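# Close look at the chain arrangement
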Amino acid sequence: MPQNRKQAMVTLQGKVNTLITAEQAATLATHGLDAPAFAAVAQAALLHTPDIVDCTPISVMKAMRKACLQGLMPDTREGALVAFKNRDGVKEANFIAMKEGLQRLFTQATGATLQSGVIRKGDTYEIATGAEPNITVVPNLEAEDDAKVIAAWAMAIMPNGSRHLRVLPLRDLRKIQQASRARNGPWKTWEDRMQEKS
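So, a few notes on the structure that sits alongside this text.

Before going further, it helps to spend a moment on the overall build of the protein chain. In terms of helices and strands, the protein chain carries 8 helices and 7 strands. Long-range contacts, defined here as pairs at least 24 residues apart, represent 60% of the contacts in the protein chain between residues at least 6 apart. Total accessible area on the protein chain is roughly 11500 Å²; 52% of this is exposed by carbon and sulfur atoms.

If you want it as structure tokens, here you go:
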């Protein structure tokens, strides 16, 4: 990283604490998150996303605020800071909730158990619909590492025992991916996790 960009990154990291307002700190607390811990994670996340330095300061502030208000850590597991170009070609930052973050929020809000995964070409799977939906996926352990994903699924088991299953075929996953504004964001880096999130 060139010296001037490295200095810009250090400056941006130093501003993280000031970006977290009292209101946002209170919101983090309602999600069981500590503001200083959140700031430390955000500072570390900036190192993994050097393109954020080139984003407009207001967009970085908005992205951090979005993470705070959603109560999700920008640690690339619960959420990620992503840089993208707007219609005018200006780089802006955004916060994208990731699969693990959405699962934690869902579990906290409902008390349910949430399971998710992908089905790859060559896997054996069985999907049951109706009053008691269920899914069984047996991975093909001899498949290539880059075996094509053909579907993603998620199943919620509610506290009363009821089950809710959703399976998205590849054509729907592609539509969701094409709607993403970030060309070098999570869909490129964590494609299978983004498919599960969908």
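What follows continues from the structure just given.
This next bit is on the sheet that holds strand S3 (residues 113–120). Strand order across the open sheet formed by 3 strands is S3-S6-S7, with antiparallel pairing between neighbours. Lying at the two open borders of the sheet, with one neighbouring strand each, are S3 and strand S7 (163–169). Across the sheet, the mean angle from the axis of one strand to that of its neighbour is 15 degrees, orientation sign disregarded. As defined by bridge partners, strand S6 (residues 149–157) adjoins S7 across 7 bridges and the pair is classed as antiparallel.

For the structure on display, the rule yields 4 salt bridges. In this structure, Lys 91 and Asp 51 form a salt bridge, with 3.8 Å as the shortest nitrogen-oxygen distance. Taken together, the residues Lys 91 in strand S2 (residues 91–97) and Asp 51 in the loop between helix H3 (35–48) and helix H4 (57–70) connect sequence positions 40 residues apart. On the basis of relative accessibility, which here comes to 23%, the residue Lys 91 falls in the partly exposed class. Residue classification places Asp 51 among the partly exposed residues on the basis of a relative accessible area of 36%.

A few words on the pairing of strand S1 (residues 79–85). Of all 7 residues in S1, 6 are buried; the element is thus mostly enclosed. Count of turn residues in the S1/S2 antiparallel hairpin: 5 residues, of which Gly 89 carries a positive phi of about 80 degrees.

Let's shift gears to the side chain of Gln 103. Assignment of secondary structure puts Gln 103 in helix H5 (residues 99–110). Setting aside chain neighbours within four positions, we find Gln 103 in contact with Leu 114, Gln 115 and Ser 116.

Turning our attention to the packing of helix H2 (residues 22–30) against H4. For the pair H2 and H4, the least separation of the axes is 7 Å and the interaxial angle reads 35 degrees. Counting all contacts with H2, which are made through Glu 23, Gln 24, Thr 27 and Leu 28, the residues of H4 involved are Arg 65, Cys 68 and Leu 69.

Peptide bonds are mostly trans, and most non-glycine residues show a negative phi. Phi is positive for Thr 76, which is not a glycine, with a value near 70 degrees. With respect to the helices, strands and loops of the structure, Thr 76 is situated in the loop between H4 and S1. The partly exposed category is assigned to Thr 76, whose relative accessible area is 22%.

Quick look at the nonpolar core now. One broad trend across soluble globular proteins is that nonpolar side chains are buried collectively. Judged by nonpolar contacts, the single largest core of 26 residues is most densely connected at Ile 20, Leu 28, Phe 38, Ile 52, Val 60, Met 64 and Leu 81. Listed by contribution, the elements that provide at least two residues to this core are helix H1 (3–19), H3, H4, S1 and S2. Looking at this core element by element, the count peaks at 6 residues for H3.

With that settled, consider the environment of Val 60. For Val 60, the location among the structural elements is in helix H4. Residues Val 60 and Phe 95 lie 35 residues apart in sequence; the distance between their C-alpha atoms is 8.8 Å.

All of the buried residues along H2 are Gln 24, Thr 27 and Leu 28. Down the axis of H2, the buried side of the element spans an arc of 100 degrees, and every buried residue falls inside it. Exposed residues pointing more than 90 degrees away from the buried face of H2 are listed as Ala 22 and Thr 30. Positive backbone phi, at 80 degrees, marks Gly 32, one or two positions downstream of H2.

The rules behind each value
- Residues numbered from 1 in each chain as written.
- Predicted model: local features only at pLDDT ≥ 70, side-chain atom pairs only at ≥ 80, totals over all residues.
- Heavy atoms only, no water.
- Helix = DSSP H or I, 4+ residues; strand = E, 2+ residues; numbered from the N terminus.
- Contact = heavy atoms within 4.5 Å.
- Areas by Shrake-Rupley, 256 points an atom, 1.4 Å probe, with all protein chains shown as cover.
- Pairing = 2+ DSSP bridges.
- Axes fitted to C-alpha atoms, helices over the stretch in contact; angles between N-to-C directions.
- Salt bridge = Lys/Arg side-chain N within 4 Å of Asp/Glu carboxyl O.
- Buried < 20%, exposed > 50% of the residue type's maximum accessible area, 1.4 Å probe, protein only.
- Core = buried A, V, L, I, M, F, W, Y, C linked by side-chain atoms within 4.5 Å.
- Arc of directions from axis to C-beta.

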